[in-house]
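What the coordinates show
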Amino acid sequence: MTLELLPAVDLLDGQAARLVQGVAGTETGYGDPVEAATGFAAQGARWLHVVDLDAAFGRGPRNREHLGRIVAAVGPVQVEASGGVRTADDLHALLELGAARVVIGTAALEDPEWVAEACARHGEAVAVGLDARGRTLQARGWTASGGDLFEVLQRLEAAGCRRFVHTEVARDGMLTGPATDRLAQVLAATSRPVIASGGVATLDDLRALATLEPSGLEGAIVGKALYAGRFTVTDALATLAEEAPNPSARPSQPPGTRASQPPVAGAPEREGSRRGGGAGGAVHSPPTHPADGGAG
Ligand code: AMZ
């Protein structure tokens, strides 16, 4: 399978924005989120990851109207929506707006019984967000911490949760490369598909993540690198298609499941894959996205 690319559209007060390590006040604005979303869709993205940052910070669901506009504008591209989903009403509201999948983070720590119930009831339409600094989970817009990444992962997998989104908070918005070692540990700890978020800066980072696909990595969320023009969605999709293993050479398995894997030892370092001073990929502006020039 080809690793899925999920370009990120984070919503802050109705604007597309990127934060640095998720800290409020560090944002760079990127204008109309529908324009960003349709730009990514026009380049062939099949999924978008849309986060209501205001809701995640507890300021209320300020961006639902924009989520609805994005869903309507990009269809049939599927939208994974998250941020501030703490109750069944929040979850239902996002599903009714047309989100194909909703990611629940904070509530996995604060209300694990409800999250287990939501997973059982909504199946593939719910994913658990594991936002972590190392092994410590983060909640409420990453302003509170508590709970062990692996303990919560295993508990919610046992409760029937189908999919996990792992974010390495310390790398988010930093363009420092993904947390491949930690991801390998997460993949070894679950038989469910995992989506990775945080740190992707170059096409070589995507190649490194693609080597984890046979271990159960399903997708990669990319934000800052796209907005900063490090590469385009078109570039990323072409790179991931090149890296996809030959499907005929792989054993067949039911969708959404895989045999448990032995832990993957070490990060998949490719020859020449690490960047030096951010020079790992061609630097150019995303053709269909409002130019920014200022991020990074
Ligand atoms: O940047 C942040 N401070 C931030 C962020 N990007 N805080 C939360 N989130 C994202 C998570 C996940 O997708 O990565 O919001 C979602 C979780 O929200 P909640 O409200 O369920 O914890």
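What you see is a predicted model; the values in this text were computed from it and never measured.

Each value, and the rule that gives it
Residues numbered from 1 in each chain as written. Predicted model: local features only at pLDDT ≥ 70, side-chain atom pairs only at ≥ 80, totals over all residues. Helix = DSSP H or I, 4+ residues; strand = E, 2+ residues; numbered from the N terminus. Buried ≥ 20, exposed ≤ 12 C-beta atoms within 10 Å, placed from the backbone. Contact = placed C-beta atoms within 7 Å. Near = placed C-beta within 6 Å. Nonpolar A, V, L, I, M, F, W, Y, C, P; charged D, E, K, R; others polar. Arc of directions from axis to C-beta. Axes fitted to C-alpha atoms, helices over the stretch in contact; angles between N-to-C directions. Parallel < 35°, antiparallel > 145°, perpendicular 65-115°, else oblique. Left-handed = near helix turned anticlockwise from the far one by under 90°. Core = buried A, V, L, I, M, F, W, Y, C linked by C-beta atoms within 7 Å. Pairing = 2+ DSSP bridges. pLDDT = per-residue confidence, 0-100.

Here we take up the overall build of the chain. Broken down by element type, the chain carries eleven helices and twelve strands. Within the span of the chain, comprising 296 residues, buried residues form 49% of the whole. In the chain, the share of contacts with a sequence separation of at least 24, taken over all contacts with a separation of at least 6, comes to 72%.

So, on to unusual backbone geometry. The phi torsion of most residues other than glycine is negative, and most of the peptide bonds are trans. G75 connects to P76 through a cis peptide bond whose omega is 10°. Inspection of the secondary structure assignment puts P76 in the loop between helix 3 (64-74) and strand 5 (78-82). Its identity as a non-glycine residue notwithstanding, Q21 has a phi of 50°, on the positive side. With respect to the helices, strands and loops of the structure, Q21 is situated in the loop between strand 2 (15-18) and strand 3 (28-29).

As a structural note, the neighbourhood of the ligand is formed by 20 residues, with G22, A56, S82, G105 and T106 the closest of them. Listing elements by their share of the shell around the ligand, those giving two or more residues are helix 2 (53-56), strand 6 (101-104), helix 5 (106-110) and strand 7 (126-133). For the shell around the ligand, the per-class residue count stands at ten nonpolar, nine polar and one charged.

Among the residues of helix 11 (residues 233-243), V233, A236, T239 and L240 are the ones counted as buried. Seen end-on, helix 11 carries its buried residues on one side only, within an arc spanning 125°. Opposite the buried face of helix 11, by more than 90 degrees, sit the exposed residues A241 and E242. If you follow the buried residues of helix 11, they end up packed against strand 1 (4-12), helix 1 (33-42), helix 9 (203-210), strand 12 (217-222) and helix 10 (224-227).

Put simply, helix 1 and helix 3 touch, their axes get as near as 9 Å, and they point 30° apart. By the criterion of interaxial angle, the relationship of helix 1 to helix 3 is roughly parallel. As for the relative orientation of helix 1 and helix 3, their crossing is right-handed in sense. Residues P33, V34, A37, T38 and A41 of helix 1 touch helix 3, and the partners they reach there are H66, R69, I70, A73 and V74. Classifying every residue of the contact of helix 1 with helix 3 by side-chain character gives seven nonpolar, two polar and one charged.

Residues L48, I104 and A220 are the most contacted members of the largest nonpolar core, which totals 88 residues. In terms of residues, this core owes the most to one element, strand 1, which gives six residues. Not counting the four nearest positions on each side in its chain, A220 is found in contact with L3, L5, L6, A196, V200, L206 and L209.

Take the environment of W142 next. With respect to the helices, strands and loops of the structure, W142 is situated in the loop between strand 8 (136-139) and strand 9 (144-148). For the pair formed by W142 and T106, sequence separation is 36 residues and the distance between their alpha carbons is 8.8 Å. Each residue touching W142, except ones within four places of it in the same chain, is listed here: G22, D131 and V169.

Taking burial as the measure, the five residues of strand 5 include four buried ones, the bulk of the element. As judged from the five bridges shared by strand 4 (residues 47-52) and strand 5, these two strands associate in the parallel manner. Along strand 5, the bridge assignment pairs V51 with S82. Summarising the sheet, strand 5 and strand 6 pair through three bridges and their orientation is parallel. Its bridge partner being in strand 6, A81 is matched across the sheet by V102.

Before going further, it helps to examine the pairing of strand 4. Of all six residues in strand 4, six are buried; the element is thus mostly enclosed. In the sheet, strand 1 pairs with strand 4 via four bridges, with the strands oriented parallel. Counted as the bridge partner of D10 is V51 from strand 4.

Residue placement: K224 occurs in helix 10. For the pair formed by K224 and V20, sequence separation is 204 residues and the distance between their alpha carbons is 9.2 Å.

So, about the environment of R162. Mapped onto the fold, R162 is located in the loop between helix 7 (149-158) and strand 10 (164-168). Remark: the alpha-carbon pair of R162 and S191, spanning 29 residues in sequence, is separated by 9.3 Å.

With that settled, the discussion passes to the confidence of the model for the chain. This prediction gives the chain a mean pLDDT of 87; 83% of its residues lie at or above 70. The spread of mean pLDDT over the elements of the chain runs between strand 9, the lowest at 94, and strand 5, the highest at 99. Every residue in residues 249-256 is under pLDDT 50, and counting partners more than four places away or in other chains gives five contacts.

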